[in-house]
Amino acid sequence: MLLVRIPLHSDTGAPGTESGASLLQDALWAHAAPHHALEHVRVRPVPHGLHVALFVRAANTTAAQEKAHALLTRVLATGAARGYTPDPLIRH
């Protein structure tokens, strides 16, 4: 099990909220498929948005990042994290 951390920045610059973190965490679980190999999720509000921590089963860090980013991209496409954007410095 490997940890992948993904910061999400608020489009307005506002801090993240507990309710926003909870909704995103629920959406990640709801959209996780077996191929995402998701084992644990933690989303918490931070001053600039939300911090996502995904633990996935993978053979190496690159595979873990690919699985995590595929899941997050799927969830973001649903609008579940409307108003938040992944850190542009994170490679997808």
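The structure displayed is predicted, hence computed values, not measured ones. (Residues numbered from 1 in each chain as written. Predicted model: local features only at pLDDT ≥ 70, side-chain atom pairs only at ≥ 80, totals over all residues. Heavy atoms only, no water.)

1. Thoughts on the overall build of the chain
Thought 1: A count of helical and extended segments in the chain gives two helices and four strands.
Thought 2: Listing each helix as α and each strand as β along the chain from the N terminus yields β-α-β-β-α-β.
Thought 3: Taken against the 2.2 N^0.38 rule, which gives 12 Å for 92 residues, the C-alpha radius of gyration of the chain at 12 Å falls within 12% of a compact globule.
Thought 4: Dimensions along the principal axes, computed over C-alpha positions, put the chain at roughly 35 × 25 × 20 Å.
Thought 5: When each of the 92 residues of the chain is scored for burial, the buried share is 38%.
Thought 6: Total accessible area on the chain stands at roughly 5,200 Å², and carbon and sulfur atoms take up 55% of it.
Thought 7: With 8 positive and 6 negative side-chain charges, the chain shows a separation of 4 Å between the mean positions of the two kinds. (Helix = DSSP H or I, 4+ residues; strand = E, 2+ residues; numbered from the N terminus. Rg over C-alpha atoms; globule rule 2.2 N^0.38 Å. Buried < 20%, exposed > 50% of the residue type's maximum accessible area, 1.4 Å probe, protein only. Areas by Shrake-Rupley, 256 points an atom, 1.4 Å probe, with all protein chains shown as cover. Lys, Arg positive; Asp, Glu negative; His and termini not counted. Charge placed at Lys NZ, Arg CZ, Asp CG, Glu CD.)

2. Examining the side chain of Ser 10
Thought 1: Checked against the element boundaries, Ser 10 lands in strand 1 (residues 2-10).
Thought 2: Of the polar contacts made by the side chain of Ser 10, one reaches the backbone nitrogen of Ala 14; its length is 3.3 Å.
Thought 3: When neighbours within four sequence positions are excluded, Ser 10 is seen to be in contact with His 48, Gly 49, Gly 83 and Tyr 84. (Polar contact = N/O pair within 3.5 Å; in protein donor to acceptor, adjacent residues only side chain to side chain. Contact = heavy atoms within 4.5 Å.)

3. Section: the packing of helix 1 (residues 18-31) against helix 2 (residues 61-77)
Thought 1: Contact geometry of helix 1 with helix 2 gives a least axis separation of 9 Å together with a crossing angle of 110 degrees. The angle between the axes of helix 1 and helix 2 places the two elements in the roughly perpendicular class. Crossing angle aside, the handedness with which helix 1 passes helix 2 is right-handed. Note on element contacts: helix 2 touches helix 1 through Leu 71, Leu 72, Arg 74 and Val 75, opposite Leu 24, Ala 27, Leu 28 and His 31.
Thought 2: In terms of residue class, the contact of helix 1 with helix 2 is made up of six nonpolar, one polar and one charged. (Axes fitted to C-alpha atoms, helices over the stretch in contact; angles between N-to-C directions. Parallel < 35°, antiparallel > 145°, perpendicular 65-115°, else oblique. Left-handed = near helix turned anticlockwise from the far one by under 90°. Nonpolar A, V, L, I, M, F, W, Y, C, P; charged D, E, K, R; others polar.)

4. Some remarks on helix 2
Think of an α-helix as 3.6 residues a turn; residues three or four steps apart then line up on the same face.
Thought 1: A rise of 1.5 Å per residue sets the reference length of helix 2, with its 17 residues, at 24 Å; its end C-alpha atoms lie 24 Å apart and thus fit the reference within 8%.
Thought 2: If you check which residues of helix 2 are buried, you get Ala 64, Ala 68, His 69, Leu 71, Leu 72 and Val 75. Relative to the axis of helix 2, the buried residues are bounded by an arc of 165 degrees and lie together on one face. Of the residues in helix 2, the exposed ones pointing more than 90 degrees away from the buried face are Glu 66 and Ala 77.
Thought 3: Looking at the buried side of helix 2, the elements it contacts are strand 1, helix 1, strand 2 (38-46) and strand 3 (49-56).
Thought 4: N-capping of helix 2 is provided by Asn 60, with a side-chain oxygen placed 3.2 Å from the backbone N of Thr 62.
Thought 5: Of the residues trailing helix 2, Gly 79 is marked for its positive phi of about 90 degrees. (Expected span 1.5 Å × (residues − 1). Arc of directions from axis to C-beta.)

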